[in-house]
Amino acid sequence: MKKVVLIGGIGSGKSTVCEEFERLGAGVVKLDDIGHEALSFPMTKAALRDAFGDAIFDDAGDVVRARLAAAAFDSAEHTQLLNSITHPAIMDECFRRVDALGATHGVVVVEVTSGEMTREAFAWADAIVAVCAPEEVRLARACARGNQDEADVRARMAQQPSDEQRLSIADYAIDNGGPIEQMQHAVEAVWSRLVR
């Protein structure tokens with residue numbers, strides 16, 4: 001089984017690229033999905049309350065993601081604090097899912113949205129794929145989802161590595177700023193090299 005890390009900034013279209021890899025036969029693990037689940041883990045909630053206060057919770061005691069994002073992405077220090085709380089729990093669950101999918105898939109793609117973007121951080125992976133798109137395209141896509149406004153998206157972008165930084169550690173790059181067919185051809189080209 002080959003383990004592939006897929007990286008890209010907010011709005012770059014990582015999920016669409018993952019769907020394409022899945023269509024070709026890859027197993028897919030999305031760290032964002034695991035991250036949402038981790039927000040309900042009792043130990044994670046307690047640590048988030050200590051770090052960011054009661055304002056990020058609703059009346060039922062659940063984390064409100066938009067409030068957490070506003071608190072955690074307002075500075076590099078807060079983003080780092082969020083990652084230090086959630087990252088270990090997320091990665092434990094990630095590796096459990098990768099192993100399970102590896103039993104039935106020759107390639108497992110792990111979509112990574114945050115955290116340290118270095119070769120060392122992904123030493124466990126066989127390849128790194130970077131998804132890129134122009135900033136204005138990414139901004140429009142992220143705002144179109146409806147759960148964040150332009151200021152929130154720009155704040156998140158400012159805390160994320162640049163496309164240049166991601167490309168510097170990637171084995172493959174997929175341009176997702178144009179027509180969907182262009183992206184599909186790029187994914188197919190990467191896939192053919194991964195399964196060779």
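All values reported here derive from a predicted model rather than from experimental measurement.

Student: Explanation requested: the pattern of salt bridges in the structure shown.
Tutor: Where charged atoms of side chains with opposite charge meet at close range, the side chains can pair. Going through the model one piece at a time under the given rule, you end up with 13 salt bridges. With a shortest N-O distance of 3.2 Å, Glu188 and Arg23 are connected by a salt bridge. Taken together, the positions of Glu188 in helix α9 (residues 180-195) and Arg23 in helix α1 (residues 14-24) put the pair 165 residues apart, joining distant regions of the chain. The class for Glu188 is partly exposed, based on a relative accessible area of 33%. Residues Glu135 and Arg154 are paired through a salt bridge, measuring 3.4 Å at the closest nitrogen-oxygen approach. In this pair, Glu135 is assigned in helix α6 (residues 135-144) and Arg154 in helix α7 (residues 150-159), connecting sequence segments 19 residues apart. Since its relative accessible area comes to 33%, Arg154 is described here as partly exposed. Three or more residues joined by partner-sharing salt bridges are found here, namely Glu37, Glu93, Arg96 and Arg97.

Student: Even after reading the chapter, I still don't get the packing of aromatic side chains, so can you show me in this structure?
Tutor: The description of an aromatic ring pair uses the distance of the two centres, along with the angle that the planes make with each other. Taken as a whole, this structure holds three aromatic pairs when the rule is applied. Taking 6.4 Å as the distance between ring centres and 80° as the angle between the ring planes, the aromatic pair formed by Phe122 and Trp124 counts as edge-to-face. Taken together, Phe95, Phe122 and Trp124 form an aromatic cluster joined through their ring pairs. Just above the ring of Phe57 sits the side chain of Arg49; from NZ or CZ to the centre is 3.8 Å.

Student: Explain α9 to me, please; I cannot follow it from the model alone.
Tutor: Every α-helical turn comprises 3.6 residues, leaving residues that sit three or four positions apart pointing alike. For α9, built from 16 residues, the straight-helix expectation of 22 Å at 1.5 Å per residue is met to within 8% by its first-to-last C-alpha distance of 22 Å. For α9, the complete set of buried residues consists of Met183, Ala186, Val187, Val190, Trp191 and Leu194. Viewed end-on, α9 has its buried residues packed into an arc of 140°, placing them on one side of the element. Contacts made by the buried residues of α9 are with β1 (2-8), α1, β3 (107-112), β4 (127-132) and β5 (172-175).

Student: When you look at the pairing of β4 in this model, what are you seeing that I'm missing?
Tutor: Within a regular strand, side chains alternate between the sheet's two faces. The buried fraction of β4 is high, at six of six residues. Neither face of β4 is left uncovered, since the one carrying Ala127, Val129 and Val131 and the one carrying Ile128, Ala130 and Cys132 both have all their residues buried. Summarising the sheet, β1 and β4 pair through five bridges and their orientation is parallel. Opposite Val4, over in β4, you have Ala127 as the bridge partner. As judged from the four bridges shared by β4 and β5, these two strands associate in the parallel manner. Opposite Val131, over in β5, you have Ile174 as the bridge partner.

Reading guide: rules and limits
Residues numbered from 1 in each chain as written. Predicted model: local features only at pLDDT ≥ 70, side-chain atom pairs only at ≥ 80, totals over all residues. Heavy atoms only, no water. Salt bridge = Lys/Arg side-chain N within 4 Å of Asp/Glu carboxyl O. Helix = DSSP H or I, 4+ residues; strand = E, 2+ residues; numbered from the N terminus. Buried < 20%, exposed > 50% of the residue type's maximum accessible area, 1.4 Å probe, protein only. Phe/Tyr/Trp six-rings, centres within 6.5 Å; stacked < 30°, edge-to-face > 60°. Lys NZ or Arg CZ within 6 Å of the ring centre and 35° of its normal. Expected span 1.5 Å × (residues − 1). Arc of directions from axis to C-beta. Contact = heavy atoms within 4.5 Å. Pairing = 2+ DSSP bridges.

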